[in-house]
Structure formats: C-alpha cells, structure tokens
Amino acid sequence: TTGSDVVAGGCRDGWNLNFESEGMPAVSAGGSGPVSGPASAMALAAGLFGALASTAAKLSLGGDSVLELVNRGMGEWLHILLRVGCGGMAFLFNALMWTFFAKALRYSSSAQASVTTIASNFLSTAFLGKLLFGEVHAMLWWIGVTITLCGLLLLHTVKETKDQNDAYKKEE
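Remember, predicted model here, so these are calculated numbers, not experimental data.

Scanning the chain for helices and strands turns up 5 helices and 4 strands. Along its sequence from the N terminus, the chain presents helices and strands in the succession β-β-β-β-α-α-α-α-α. Considering only contacts in the chain between residues 6 or more positions apart, those separated by 24 or more positions represent 62%. Total accessible area on the chain stands at roughly 10,600 Å², and carbon and sulfur atoms take up 68% of it.

Encoded structure:
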C-alpha cells in the first residue's frame, strides 16, 4: 500500500497489515475480500495434504486397495512394508496439513482459511478417489458438496459482516 492508502491503522480497502518477523504480512480481514496470495496457497495446500493423508490411510488399512495389485506375486514382507510406509505417509501428510492450515490462519481470517481448505480438500479427495480407486461420485454428492461450501461461505460472510457493523458502531 502507498501512504495515501493507509487510513487509521489499516488500508482503505479494509485489510489490516501487521508485519511479522518472517517478512510476510499477517493479514486480518476487515472485509469479506478474497484470501490473500500466501494464505490462499497455504489453505489450498492444507486441503490437498488432508486428502493425501486420508488416501494414504486408505491404502494402509484398506482391504482391496491399489497395494493389492502391486503386491501380486511378491513376498509378504513387501506387502507389510508398503502398508507401514503408507501409514507413515498418513501421519506425515496430516502433520503437513496442520502446518499449512496454521500458516493460512496466520495470514488470513479463520473463516476464509477454513472455507478454502475445505473446498480444496473436497475437490482433492474427489480427484484422488477417481485416480487411485476408480470412484465415481454421483450428482447428489456434487450437489451436497456445493451446498456445504455455500453454507460455510454464507455463515462466514454473515459473521464478517456482523463484525464490520460492530466495528463501525464503535467508531461512531
């Protein structure tokens, strides 16, 4: 922002920038604007890592999985090694998911980070399910996901609007 864009400790468009020690701005949304660049990338990554964690867990614990196809004709030790490896990947991807989600929360509002992460997770899960397990989602599933995401957006937009109104009343 330029000097003329700064108004009473924030920016004219409603974003408040507080510079952190890592050199990246911590952004708190004063309005219902889009998630900032670093925050949206981190929230999208968190959703993807969450989907990868559940995929690795399914590979590790599932009875008829992709691992069964890979293991045909191979020793039992390789089968066990692959399952344990997928279990370890599930823990790793969960840790990465929480790390990226926490960073997304740091640089945006919790509402925006949550909605972006959930949307990313749903879409990543659908893609990985189709790619690895041949899952096909019915139109009802897609309608349900869309309604869920719209509901989350509505709830968070209403909360942010209420917060804006409360802040405006305090200024008067």
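Further notes follow.
To continue, consider the pattern of salt bridges. Pairs may arise between side chains of opposite charge once their charged atoms sit close together. If you walk through the whole model with that rule in mind, you get 1 salt bridge. Among the ionic pairs, K58 bridges to E135, the shortest N-O distance being 2.6 Å. One end of the pair, K58, is in helix α1 (residues 37–61); the other, E135, is in the loop between α4 (110–133) and α5 (139–171), with 77 residues separating them in the sequence. With a relative accessible area of 39%, K58 lands in the partly exposed category.

Here the focus is the UniProt feature "transmembrane region" (unreviewed entry) in the chain. Feature annotation in UniProt places "transmembrane region" (unreviewed entry) on residues 80–101 and 139–158, given in this structure's numbering. Helix makes up 100% of residues 80–101 and strand 0%, whereas the separation of the span's terminal C-alpha atoms amounts to 32 Å.

Let us look at the packing of aromatic side chains. Inspection of every chain in the model, using the stated rule, returns 4 aromatic pairs. Geometrically, the ring pair formed by F49 and F93 is stacked, given 6.0 Å between the ring centres and 20 degrees between the ring planes. On the criterion of sequence distance, the pair formed by F49 in helix α1 and F93 in helix α3 (residues 76–107) is long-range, its members being 44 residues apart. F93 matches F49 in its accessibility class, with the two residues each being buried. Geometrically, the ring pair formed by F49 and F100 is tilted, given 5.4 Å between the ring centres and 40 degrees between the ring planes. Of this pair, F49 sits in helix α1 while F100 sits in helix α3, and the two are 51 residues apart along the sequence. Taken together, the aromatic side chains of F49, F93 and F100 make up a single cluster linked through ring pairs. We note K58 situated over the ring of F133; from NZ or CZ to the ring centre the distance is 4.3 Å.

Core analysis: the biggest nonpolar cluster contains 15 residues, and F49, F93 and A104 have the highest contact counts within it. The leading source of residues in this core is α1, at 8 residues.

Turning our eyes to something else, we now look at the side chain of Q112. Among the structural elements, Q112 can be located in helix α4. Within the structure, the side chain of Q112 is placed 3.2 Å from the side chain of S109, a separation counted as a polar contact.

What follows deals with the packing of α1 against α3. Contact pair α1 / α3: the axes reach a minimum separation of 7 Å and the direction vectors enclose 160 degrees. What the angle tells us is that α1 and α3 run roughly antiparallel. Considering only the axes of α1 and α3, their crossing is left-handed. Looking at the contact of α1 with α3, its residues break down into 22 nonpolar, 4 polar and 2 charged.

Calculation criteria
- Residues numbered from 1 in each chain as written.
- Predicted model: local features only at pLDDT ≥ 70, side-chain atom pairs only at ≥ 80, totals over all residues.
- Heavy atoms only, no water.
- Helix = DSSP H or I, 4+ residues; strand = E, 2+ residues; numbered from the N terminus.
- Contact = heavy atoms within 4.5 Å.
- Areas by Shrake-Rupley, 256 points an atom, 1.4 Å probe, with all protein chains shown as cover.
- Salt bridge = Lys/Arg side-chain N within 4 Å of Asp/Glu carboxyl O.
- Buried < 20%, exposed > 50% of the residue type's maximum accessible area, 1.4 Å probe, protein only.
- UniProt positions renumbered as here; feature names shortened; annotations may be inferred.
- Phe/Tyr/Trp six-rings, centres within 6.5 Å; stacked < 30°, edge-to-face > 60°.
- Lys NZ or Arg CZ within 6 Å of the ring centre and 35° of its normal.
- Core = buried A, V, L, I, M, F, W, Y, C linked by side-chain atoms within 4.5 Å.
- Polar contact = N/O pair within 3.5 Å; in protein donor to acceptor, adjacent residues only side chain to side chain.
- Axes fitted to C-alpha atoms, helices over the stretch in contact; angles between N-to-C directions.
- Parallel < 35°, antiparallel > 145°, perpendicular 65-115°, else oblique.
- Left-handed = near helix turned anticlockwise from the far one by under 90°.
- Nonpolar A, V, L, I, M, F, W, Y, C, P; charged D, E, K, R; others polar.

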